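Chain by chain, the residues run as shown.
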There are 2 protein chains.
Amino acid sequence: MNSYVIYLAPALGILGLVVMAFKSAWVSKQDPGEANMQELAGHIADGAMAFLKAEWKVLSIFVLFTAALLAYSGTIHTVNGKEIHSSWVICIAFIIGAVFSATAGFIGMKVATKANVRTTQAARTSLKQALKVSFTGGTVMGLGVAGLAVLGLGGLFIVFLSLFAGLGVNQVKTAIEVLTGFSLGAESIALFSRVGGGIYTKAADVGADLVGKVEAGIPEDDVRNPATIADNVGDNVGDVAGMGADLFGSYVATILATMVLGQEIKVNDALGGMSPILLPMVICGLGIVFSIVGTLFVRIKDDTSSVQRAFNIGNWASMLLTVAAAYFVVMWLLPDGPITSRITTFNKTGVFLAIVVGTVVGAIMSISTEYYTAMGKKPVLSIVRQSSTGHATNIIGGLAVGMKSTVIPILTLAGGIMASYYFAGLYGVAIAAAGMMSTTAMQLAIDAFGPIADNAGGIAEMSQLPPEVRERTDNLDAVGNTTAATGKGFAIASAALTSLALFAAFVGIAGIDRIDIYKANVLAGLFVGGMIPFIFSALCIQAVGKAAMDMVQEVRRQFREIPGIMDYTAQPEYEKCVAISTKASLREMMMPGAIALITPVIVGFTFGPEVLGGLLAGVTVSGVLMGIFQSNAGGAWDNAKKSFEKGVLINEEMIYKGSESHKASVTGDTVGDPFKDTSGPSMNILIKLMSIVSLIIAPYIYGIGQ
Amino acid sequence: MNSYVIYLAPALGILGLVVMAFKSAWVSKQDPGEANMQELAGHIADGAMAFLKAEWKVLSIFVLFTAALLAYSGTIHTVNGKEIHSSWVICIAFIIGAVFSATAGFIGMKVATKANVRTTQAARTSLKQALKVSFTGGTVMGLGVAGLAVLGLGGLFIVFLSLFAGLGVNQVKTAIEVLTGFSLGAESIALFSRVGGGIYTKAADVGADLVGKVEAGIPEDDVRNPATIADNVGDNVGDVAGMGADLFGSYVATILATMVLGQEIKVNDALGGMSPILLPMVICGLGIVFSIVGTLFVRIKDDTSSVQRAFNIGNWASMLLTVAAAYFVVMWLLPDGPITSRITTFNKTGVFLAIVVGTVVGAIMSISTEYYTAMGKKPVLSIVRQSSTGHATNIIGGLAVGMKSTVIPILTLAGGIMASYYFAGLYGVAIAAAGMMSTTAMQLAIDAFGPIADNAGGIAEMSQLPPEVRERTDNLDAVGNTTAATGKGFAIASAALTSLALFAAFVGIAGIDRIDIYKANVLAGLFVGGMIPFIFSALCIQAVGKAAMDMVQEVRRQFREIPGIMDYTAQPEYEKCVAISTKASLREMMMPGAIALITPVIVGFTFGPEVLGGLLAGVTVSGVLMGIFQSNAGGAWDNAKKSFEKGVLINEEMIYKGSESHKASVTGDTVGDPFKDTSGPSMNILIKLMSIVSLIIAPYIYGIGQ
């Protein structure tokens, strides 16, 4: 049985990539529209690639440096009398992880910058066709991420197993330990993509709006605005590549953490005790299959059908099918009777129930996010009302909504931790996260659809196509705003559960049996950890401010020095704005990135694993809270502003765009932009990255501070 | 030796109260000015008393209900096989604690509402005399709080010791356990005063400004504004009584927690092992003496002298003298040779060094607060610059400053925890807090001076006194803004250290030997605890919003229905506005108050002490962070606005009041108002109250969840 189960996951990963290739080819075959549309799309695609190339340049230095460090540290084999099983192989795993994550981002960005203009063209025919093109584009991203992750993890696991066979080390344990390098590689790319991408997209957005809309009085997405291409590139960089890398990282880290904990479980199964280790990979592999099935449900009859409903059906179909399949896989792979880990005993039904818990946690967190950020619901309406008394009350309203929105997710998370632990111990907490992440392909497909539709609308506007085209893309874009919100809820939930799984794995590898916050040092670690998300957020927010100022200067300069822009006789220098966003984002993310990477190393080697554990707990709790607070406040402000664009009823009077209340709501939206697209989502990366770095250094800090 | 050392602390407390009585009499003897000034001051005093009376009404119901609950639960003597030494005496301690705290608030408010108008009158002569009157008023508050606290704790301890003698219980342990009731009583009043007072003062302030300044175009503190009296009452209610109750609670809780931990230490001293228990009381008693000495240093030569410098000299004098005295007290009381607590061994030099650590932590946290909120320093200047690009960038700037300002305090706190633990174990952490709190009388004197000066300025304005009077009171008021900021830093530091001390005491009493966040339930508790400051803040912020709206309606109504107001022919109905603020504040604080009081009870009895410990750690970390973030962001916004009132240089151009940039800065200030005066300082009460409630229920939840 061993012989083929271990090949199942990578095989399913390859299946996902094959389907992806077909879907990608289908998108490429679609009509890209007229020459001017293609030219604009070309600018966006070039800008996106320019960012990727610049990012890769910085990244390759970082990756090579870190790989060298890993290879060097891997040569030490005994620390404090304990044999270290890490090896220089970890640096290979790290590089492959980075390359796979970058490749997933590349694929997603490539197809998104093809699908955008083809969606615009399809929207000239029907909403149905436009949805098909944009969603297929999103599907390519989803399958690429999930397929590469499962193939990478599963394939490397097989390679490492055979590599370490007969070397006198614990073959399975060592293979899993070097796999952490793959996860670190993936999460490092995520840092660059999510944080850098977040700074990029908001610098361009704010810069384009401040000069274009406010000073020059030209509409959004106007072809005369020098920053408009950078703005559209930003959607791809931040929302496609950034979100993709974030979820790629969560997906890989979750599976890995479950494998680490699975390895500690002693079972008498048909796979020589390997079943708890292989289970998360197989479930995620099946999740790919059922995500593909789920995409078949995403279809609408005609222009009046609900796009949101189609997504919901597809999403629930893939989730329910995966959970059902998980039941059979758990029953098939795991042995009957009690399963014992280091401290708890459970059985295979418990493992299945933990998976169910994970799925439910993810669903509730997405629904809660939607409630707190959706137009027409109580929270957003309260901000709308408070906008009528001015800028300050709009801000106060949004901050209060964001703070309040932490309650349901945190109670859900806390309940999920307790329930999954009750069902299957720490392994249960990790497999719950894996269960939630198993339909990542589908989640990401829905998520990546949004920015494609957003771009399609931008191209329609810039190419001055007939209004019904823009109407159709606006319809898609509106749905995209909701899916973006729920997607953020899913990303935070996944980061939180992943960090918990990594946290549990860390404690095992670090050789400690508790993290006692009654100890003064550990409590101090908890305090410092809790503070890090605050300084990280502050740095991200300030970075957007600085980069946006650079952009404003450049746009003003072009309007001043290139006189033909306004009457369409001269083309703005789009690439200069693209370069500014690119450069600023890569420069500004160094400091927060360094904090995330270096803090655990310093604390771990100075104070030992238990204090580091306290630090991690602090970062995770505070990071999840700040992530939810900032993302939801930003989302709610955004939709409060959008409510005025549609028109809202305040004190029995319809209030529209251009009113004083609307202006107040724009203030909230501008504050919310870096909140929801930069600092908020960056929290995911922060907590995961610090956990993974800790996991990697865990064997080396064994015994310090005891 | 026992015979007199135990009487030392209450004797020093009485000394403080005697000096207070003299100072209070001196203030009363000063000239209260002309009839119209006295009339206005009378309105303010009446309003303040109206609030106190309304508060006491609600409070007495709450106190009686809680006392009954305590008395009832005190009759149970064995829970889970462990004998509970609590007794119905705790309900007496609780009532006395509440009465003492309320009395301290009453004294402070009474003298503040006398000192305000006398300061105005004194300002007609000289700055020197005005400072003397206002600071003497503050000193009365400081000595009242510290004197009552030391007298109450020390006196009750003697009474309880003799009460439990010969009853077959551990006399000392039981006496200290019932003393927790005194602390709970004190902190419950603090909840009402600080949270309720915070809502009161901001509802009045925002309401008065929105209609008076913005709609009717009359200046601040104009006698025609119906809400102006409520606004001036608010300064007394929030900044005098609220701050006083907050520090009274911290002061009592810190001493108590040190006593609890001291009781666990076995020493062979001349006091029958009582020296570690009596030490914190004696040091705080001496702190009163040296605070009195310190006040003698607060004097200026003439109108051109620096008031801030006078405060600094007085403050440092009392701190250094107290630390020096602490050295001799420690050497005198504690025995030579090793001192052993449950898990650590240290000596008396270590105990002294821990006291030094506490003083240093308090000083650094105050200095950091001042840096991040002071005019002319980098953080406030960055907000000033960002105001020139609009409302949104002003808000973003303030939020970033607030978040960044958490770094130094948290690193200081973490370092302080580690260092004081290193020197003297958990007892060291508690005695560090006690060392920091020992000069509370002086801190509070400087702190309460601010609102008195603020009120004096208001009365000068309302009575239309000559401009040089207002100039002198403005001079004092400006210093008051800085002392308010550093006072807030001190209050947060004290709350944080107090909570840590209570946390340590809780673990001992609850009979657990660790709080292991590696356990799923405890981690879940940590998450939920971390979330509570977010929902608590949201509720406070929203409460201010709601109450301010009520106030706006009432002021508009009076302007509409009482036609003579504007030409001074009719007097506004001040008392109606006072009633609105009073009612709203008491109504709106119920929900957050209930969360603080009930959550630990539910969690403790459902999941047991270890999960409750996780919850407390989460609340403390997250609460300290949110407290610093909100208080400092609010303070920085306030001073950014004030910078424009003075005039600031942006891009080589002087910008003043009335400019677009100034308007943007007003938005930040309005957002910051509830941040810095309601939700931010409320965090202190939240974390302390939850810790004390946990300490009280600790004996009853012994063994649950194990």
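Computed from a prediction, not measured in an experiment: that's the story for all the values here.

**Some remarks on the overall build of chain A**
Next up, step 1: On a plain count of helices and strands, chain A comes out with 19 helices and 6 strands.
Next up, step 2: For chain A, whose C-alpha radius of gyration is 24 Å, the value lies close to the compact-globule estimate of 27 Å for 706 residues.
Next up, step 3: With the C-alpha coordinates of chain A rotated into their principal frame, the extents come out at 75 × 50 × 50 Å.
Next up, step 4: For chain A, the residues scored as buried account for 68% of the 706 residues in total.
Next up, step 5: By sequence separation, contacts in chain A at least 24 residues apart represent 85% of the contacts at least 6 residues apart.

**Topic: the relation of the copies chain A and chain B**
Next up, step 1: With an RMSD of 0.0 Å, the operation that places chain A on chain B is a rotation of 180° combined with a shift of 0.0 Å along the axis. The transformation relating the two chain copies, once decomposed into turn and shift, fits a two-fold axis. Looking at the rotation axis and the C-alpha trace of chain A, the residue lying nearest is Asp516 of chain A, at 2.2 Å.
Next up, step 2: When the interface residues of chain A are mapped onto chain B, 100% of them again lie at the interface, so the same face is used by both copies.

**Examining the interface of chain A and chain B**
Next up, step 1: Taken residue by residue, the interface counts 51 residues in chain A and 51 residues in chain B.
Next up, step 2: For the side of chain A that touches chain B, the secondary structure elements donating two or more residues are α11 (391-404), α12 (407-437), α15 (520-561), α18 (609-646) and α19 (660-697) of chain A.
Next up, step 3: The greatest single-element share of the side of chain A that touches chain B, amounting to 16 residues, is contributed by α15 of chain A.
Next up, step 4: Taken together, the residues of the side of chain A that touches chain B break down into 36 nonpolar, 12 polar and 3 charged.

**Brief notes about the confidence of the model for chain A**
All names here are of chain A.
Next up, step 1: Mean pLDDT over chain A works out to 89, with 97% of the residues at or above the 70 mark.
Next up, step 2: Looking over chain A, one finds the lowest element-wise mean pLDDT in strand β1 (residues 78-79), namely 52, and the highest in helix α7 (residues 275-297), namely 95.
Next up, step 3: In the predicted complex, the global pTM is 0.94; the interface-specific ipTM is 0.93.

**Side note on the environment of Val361 of chain B**
All names here are of chain B.
Next up, step 1: Tracing the backbone shows Val361 in helix α9 (residues 348-373).
Next up, step 2: When the 26 C-beta atoms within 10 Å are taken as the criterion, Val361 is described as buried.
Next up, step 3: C-alpha separation for the pair Val361 and Val351, spaced 10 residues apart in sequence, amounts to 15 Å.

**Considerations on α18 of chain A**
Residues and elements named next belong to chain A.
Next up, step 1: Taking 1.5 Å of rise per residue, the 38 residues of α18 would be expected to cover 56 Å, and the 54 Å separating its terminal C-alpha atoms lies within 8% of that figure.
Next up, step 2: For α18, the tally of buried residues reaches 35 of 38 residues, placing the bulk of the element in the interior.
Next up, step 3: Gly647 occupies a position one or two residues after α18 and carries a positive phi of about 100°.

**Focus: helix α17 (residues 590-607) of chain B**
All names here are of chain B.
Next up, step 1: The end-to-end C-alpha distance of α17 is 25 Å, a good match for the 26 Å that 18 residues give at a rise of 1.5 Å each.
Next up, step 2: At Ile598, α17 shows its largest bend, some 35°, and a proline, Pro600, comes one to four positions later.
Next up, step 3: For α17, the complete set of buried residues consists of Pro592, Gly593, Ala596, Thr599, Pro600, Val603, Gly604 and Phe607.
Next up, step 4: Lining the buried residues of α17 we find α5 (171-216), α15 (520-561), α18 (609-646) and α19 (660-697).
Next up, step 5: A positive phi of about 90° marks Gly608, the residue just after α17.

**Brief notes about the packing of helix α11 (residues 391-404) of chain B against α19 of chain B**
Residue and element names in this part refer to chain B.
Next up, step 1: Packing of α11 against α19 leaves a shortest axis separation of 8 Å and a crossing angle of 45°. Judged by the inter-axis angle, α11 sits oblique to α19. Regarding α11 and α19, the two cross each other, and that crossing is right-handed. From α11, His391, Asn394, Ile395 and Gly398 reach across to α19, where they touch Ala664, Ser665, Thr667, Gly668, Val671 and Gly672.
Next up, step 2: When grouped by side-chain class, the residues that make up the contact of α11 with α19 number 3 nonpolar, 7 polar and no charged.

**Describing the environment of Leu502 of chain B**
Residues and elements named next belong to chain B.
Next up, step 1: Tracing the sequence through the fold places Leu502 in helix α14 (residues 467-510).
Next up, step 2: Residue classification places Leu502 among the buried positions, given that 31 C-beta atoms sit within 10 Å.
Next up, step 3: Each C-alpha atom of the pair Leu502 and Ala430 lies 8.1 Å from the other, and the pair is 72 residues apart in sequence.
Next up, step 4: Apart from the residues within four sequence positions on either side, Leu502 is in contact with Ala253, Ala257, Ser691, Ile692 and Leu695.

**Regarding the environment of Thr139 of chain A**
Residues and elements named next belong to chain A.
Next up, step 1: Relative to the elements of secondary structure, Thr139 occurs in helix α4 (residues 127-164).
Next up, step 2: C-alpha of Thr139 to C-alpha of Ala441: the two residues are 302 residues apart in sequence and 7.3 Å apart in space.
Next up, step 3: Each residue touching Thr139, except ones within four places of it in the same chain, is listed here: Lys23, Thr295 and Ala445.

**Observations concerning unusual backbone geometry**
Next up, step 1: Not every positive phi belongs to a glycine, and Tyr568 of chain A is a case in point at roughly 65°.
Next up, step 2: Examined against the element boundaries, Tyr568 of chain A turns out to sit in the loop between α15 and α16 (574-588).
Next up, step 3: In this structure, Gln464 of chain B takes a positive phi of about 50° despite not being glycine.

Each value, and the rule that gives it
- Residues numbered from 1 in each chain as written.
- Chains lettered and ligands numbered in written order.
- Predicted model: local features only at pLDDT ≥ 70, side-chain atom pairs only at ≥ 80, totals over all residues.
- Helix = DSSP H or I, 4+ residues; strand = E, 2+ residues; numbered from the N terminus.
- Rg over C-alpha atoms; globule rule 2.2 N^0.38 Å.
- Buried ≥ 20, exposed ≤ 12 C-beta atoms within 10 Å, placed from the backbone.
- Contact = placed C-beta atoms within 7 Å.
- Least-squares fit on C-alpha atoms with pLDDT ≥ 70 in both.
- Nonpolar A, V, L, I, M, F, W, Y, C, P; charged D, E, K, R; others polar.
- pLDDT = per-residue confidence, 0-100.
- Expected span 1.5 Å × (residues − 1).
- Bend = angle between axes of the 7 residues up to and from the residue.
- Axes fitted to C-alpha atoms, helices over the stretch in contact; angles between N-to-C directions.
- Parallel < 35°, antiparallel > 145°, perpendicular 65-115°, else oblique.
- Left-handed = near helix turned anticlockwise from the far one by under 90°.

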